[in-house]
Amino acid sequence: MYWGSRVQTLQPASILTCKSRAFSPTNEPKDTQFSLDTLPQEYPAFGNGDFRSPAYQLRTRDGSTITEFVYDSHEIFQGKPRLDGLPSAYVEDEDEADTLVITMVDYQLGVGLNLFYTIYRDLDVITRSASFEHRGSHQVKIHKCMSMSVDFHHTNWDLLHLHGTWARERHIERQPLIRGTQLISSARGASSHQHNPFLALLSKNASEEYGDVYGVSLVYSGNFQAAIEVDPYETTRLAIGINPFDFIWILKPGETFQAPEALMVFSKEGLGGMSRTFHRLLRTRLCRGKYRDKVRPVLFNNWEATRFNFTEEKLKHLADTAANLGIELFVLDDGWFGHRSNAKSSLGDWMVNRKKLPHGLKGLAEYVQAKGMQFGLWVEPEMVSPDSNLYRSHPDWCLHVPGRNRTLSRHQLVLDLSREDVCDWLIETLTTLFRSAPITYVKWDMNRNMTEVGSAALPPERQKETAHRYMLGLYRILEILTDRFPEILFESCSGGGGRFDPGMLYYMPQTWTSDDTDAVERLKIQYGTSLVYPAITMGAHVSDVPNQQVGRITPLQMRLAVAMAANLGFEMKVDKLGEKERKEIRRGIQYYHQIQKLVCFGDLFRLISPFEGMDTAWMYVAPTQNLAVVFYYKVLSTPNPRLFRLKLSGLHPLVKYRINNGDQAYFGDELMKVGITMPLIKKDFFSEVFLVKAVDEA
């Protein structure tokens, strides 16, 4: 009936008004004005009079898809239950949230439908999911199962979503709603580089600071669909869940099917308010484990410095240099296992290559530790190379369809994680690996999407369950491994940001944001990512120039300033740097340690969008509003430029602040309403980072 700003009371009669419409059938012969086609629906079906897109579709043994779920019971209780086999938001104390479970029943089918709603008390958040529980005697097939559906009473919205591709992830697109259906989806076996499992509806006047915004994000890492439908009567239906394309789930008597969870955020303070709510929810009530509330170590990754061509001595030399720069974590990337000298072999053979590392992972890790750093490792466990002992022993362990070609991508195939035996093997293999050396960080990569999605372990009628069963298998693996190795900081990666979603963050509290490390491109990538995901979940590295993705040459100062707006790392030939660059990196790391807690745990305020010009700015403000750090970037300069004032945000209007401990003090309202006069910039790729401190702060 209503979702938005808080109201004192709600009168259903003023909202649920029945009006007769031509060609809208009625379910109540005594009331010809009553039609499901013209009323808002909570979890709509198709075939009973509502001609809009349904939230679910079941097929019975007689081939019919007609269902009639009616109210059976409901329960309201404190707290929030976990979802069986799926990641979800949580509470640490039962009084943080209230949960409503509505149980519906189709008595003819003998199937129950449970609708789950949790409302957080201190966050403008509702979580929703649904499950089907078979209590009858004949199996049914689930063809569609959305996690939530909402009907809005008008269409005066803009649609905002995050699109992209490899090395260009999560760019922002905002457009008016159109009549008909607009879909955002992935059928790639992952949430994907192309579309993030998130969308928002914005009032026409909504900006960063003002207007109503409704954001929805799916806690799921596989195929998804988000749909917006505008009907002829100017209503809007929003739904998100598992992509129904190529999906059928057989539900037998006694079984339950659980849909993933949808996170629903309302903000009356524009996109900025929506983002800060998502950030707080994801950071504190979705991410878990030892590293949830800890700043992350500054890391060095050897990939761009060596690719596959390294020796133990070369790695030790890089470790020496990294330690001298003040880096805290040394990460060994691809090429350390099997006989892998390029991308064509050895995935699945997770045994150290003694020709490259004569003293094994343990020997290298202990050397790194002796230099005062932690040791991390890259793995790609979900994949298998045709040229591997694993594939030669178990050619049926990959996703495939008998008699059809096995399509390669990056010279590799996808292990079939819908199979329990494959998952069990992977769990024990990785357990042995992670125990073989003092590993405190793991970069978990996944470098291709799914093709020939079939499983040798499933009967023909269950083949369309494979993609979802894969995700359930992956989540089981991650649940066990993260429980066994709580001291390991896991970072998710899929060619960069191809699986940056809440489902993965539940197990791995940070994600490699993009394979594109160019500072200019990262402005858009990190800005778009920040709409949903907090800075502490983003990995950001400083790399060499010319940049390997776009060939651009940017100054080290800007590369540092962009990477310091997230989890700082380095991926470059540090041993080839001159002394001037080394000093700049040391100073940069020291400065980052001063602002790291602000970046990781502060409230984000986006000031200028990189999608609208050559300038970009954002800032992080401490919850107490006593301290802030501001990041400003200019991509290309212009001749004889205008005077420019940067207006800050999120400060206390009545508190006085100093900028970089300067002599002049400013009230917060002046900094926010009048702004700071920026210097005339006469060079490309300029950046500046500065602190804003309350006057009484040390």
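The name an unreviewed UniProt entry gives the protein is Alpha-galactosidase, with Neobacillus kokaensis as the organism. Check the Sequence similarities (unreviewed entry) section of the UniProt entry for the protein; it says "Belongs to the glycosyl hydrolase 36 family." Taken from UniProt, the Catalytic activity (unreviewed entry) comment for the protein reads in full: "Hydrolysis of terminal, non-reducing alpha-D-galactose residues in alpha-D-galactosides, including galactose oligosaccharides, galactomannans and galactolipids."

Visitor: Any chance you could explain the side chain of D516 here in plain terms?
Guide: Relative to the helices and strands, D516 resides in the loop between β24 (510-512) and α9 (519-529). At a separation of 3.0 Å, a polar atom in the side chain of D516 contacts the main-chain amide nitrogen of D518.

Visitor: Before we go on, may I ask you to explain the UniProt feature "domain: Glycosyl hydrolase family 36 C-terminal" (unreviewed entry) in the protein in this structure?
Guide: As recorded in UniProt, the feature "domain: Glycosyl hydrolase family 36 C-terminal" (unreviewed entry) lies at residues 616-691. Here residues 616-691 runs as 8% helix and 41% strand, with 17 Å between its end C-alpha atoms.

Visitor: Please clarify how the nonpolar core should be interpreted in this entry.
Guide: Ranked by size, the top nonpolar core spans 184 residues in total, and within it F132, W336, F434, F570 and F631 carry the most contacts. Once residues lying within four places of it in the same chain are set aside, the contact partners of F631 are A561, M564, A565, I595, V599, T616, A617, W618, Y620, E688 and V689. Judged by nonpolar contacts, the second largest core, of 22 residues, contains F605, V621, V630 and V692.

Visitor: Help me out: how do you make sense of the sheet that holds strand β31 (residues 656-659) in this one?
Guide: Two strands in a sheet stick together by hydrogen bonds in their backbones, pointing the same way (parallel) or opposite ways (antiparallel). Read from one edge of the open sheet, six strands run β27-β28-β29-β34-β31-β32, paired in antiparallel fashion. A strand with exactly one partner marks an edge of an open sheet, and here the two such strands are β27 (603-608) and β32 (665-667). Ignoring strand direction, the axes of neighbouring strands in this sheet form an average angle of 25°. Where strand β28 (residues 615-621) lies against strand β29 (residues 627-634), seven bridges are found, and the strand directions are antiparallel. Looking at β29, one finds that V621 is bridged to A628. The sheet contacts of α9 involve β27, β28 and β29, and relative to β28 the element is tilted by about 45°.

Visitor: What's the story with the pattern of salt bridges in this structure? I'm lost.
Guide: Applying the stated rule across the entire model yields 38 salt bridges. Among the ionic pairs, R135 bridges to E133, the shortest N-O distance being 4.0 Å. A residue is classified by how much of its surface remains accessible, and E133, at 28% relative accessible area, is partly exposed.

Visitor: In this structure, what is going on with unusual backbone geometry? I would like to understand it.
Guide: For residues that are not glycine, phi is negative in most cases, and the peptide bond is trans in most cases. For the bond from V545 to P546, the omega torsion is -5°, close enough to zero to count as cis. Topologically, P546 is positioned in the loop between β25 (538-543) and α10 (556-563). Non-glycine residue A167 carries a positive phi angle of around 70°. Structurally, A167 can be placed in the loop between β7 (157-165) and β8 (168-176). For E234, which is not glycine, the phi dihedral falls at a positive 60°. Tracing the backbone shows E234 in the loop between β12 (224-230) and β13 (236-242). Judged by its relative accessible area of 30%, E234 falls in the partly exposed class.

Visitor: What is the right way to look at the packing of helix α3 (residues 312-325) against helix α11 (residues 579-601) in this model?
Guide: Packed helices, taken two at a time, are described by their axes: the angle between them and the distance between them. At a closest axis distance of 9 Å, the pairing of α3 and α11 adopts a crossing angle of 55°. Accordingly, the angle class assigned to the pair α3 and α11 is oblique. Within the contact between the two elements, α3 uses T321, N324 and L325 and α11 uses R582, I585, R586 and I589. Broken down by class, the residue content of the contact of α3 with α11 amounts to three nonpolar, two polar and two charged.

Visitor: Looking at this model, I keep getting lost on the sheet that holds β25. Mind explaining?
Guide: Strand order around the closed barrel formed by eight strands is β17-β18-β19-β22-β23-β24-β25-β26, with parallel pairing between neighbours. Shown here is a sheet whose adjacent strand axes are inclined to one another by a mean of 30°, direction ignored. Where strand β17 (residues 299-301) lies against strand β26 (residues 567-571), two bridges are found, and the strand directions are parallel. Looking at β26, one finds that F300 is bridged to F570. Running at roughly 140° to strand β19 (residues 374-379), helix α4 (residues 360-370) makes contact with β18 (329-332) and β19 of the sheet. Contacting β19, β22 (439-444) and β23 (489-492), helix α6 (residues 420-435) runs over the sheet at an angle of about 140° to β22.

Basis of the calculations
Residues numbered from 1 in each chain as written. Predicted model: local features only at pLDDT ≥ 70, side-chain atom pairs only at ≥ 80, totals over all residues. Heavy atoms only, no water. UniProt positions renumbered as here; feature names shortened; annotations may be inferred. Helix = DSSP H or I, 4+ residues; strand = E, 2+ residues; numbered from the N terminus. Polar contact = N/O pair within 3.5 Å; in protein donor to acceptor, adjacent residues only side chain to side chain. Core = buried A, V, L, I, M, F, W, Y, C linked by side-chain atoms within 4.5 Å. Buried < 20%, exposed > 50% of the residue type's maximum accessible area, 1.4 Å probe, protein only. Contact = heavy atoms within 4.5 Å. Pairing = 2+ DSSP bridges. Axes fitted to C-alpha atoms, helices over the stretch in contact; angles between N-to-C directions. Salt bridge = Lys/Arg side-chain N within 4 Å of Asp/Glu carboxyl O. Parallel < 35°, antiparallel > 145°, perpendicular 65-115°, else oblique. Nonpolar A, V, L, I, M, F, W, Y, C, P; charged D, E, K, R; others polar.

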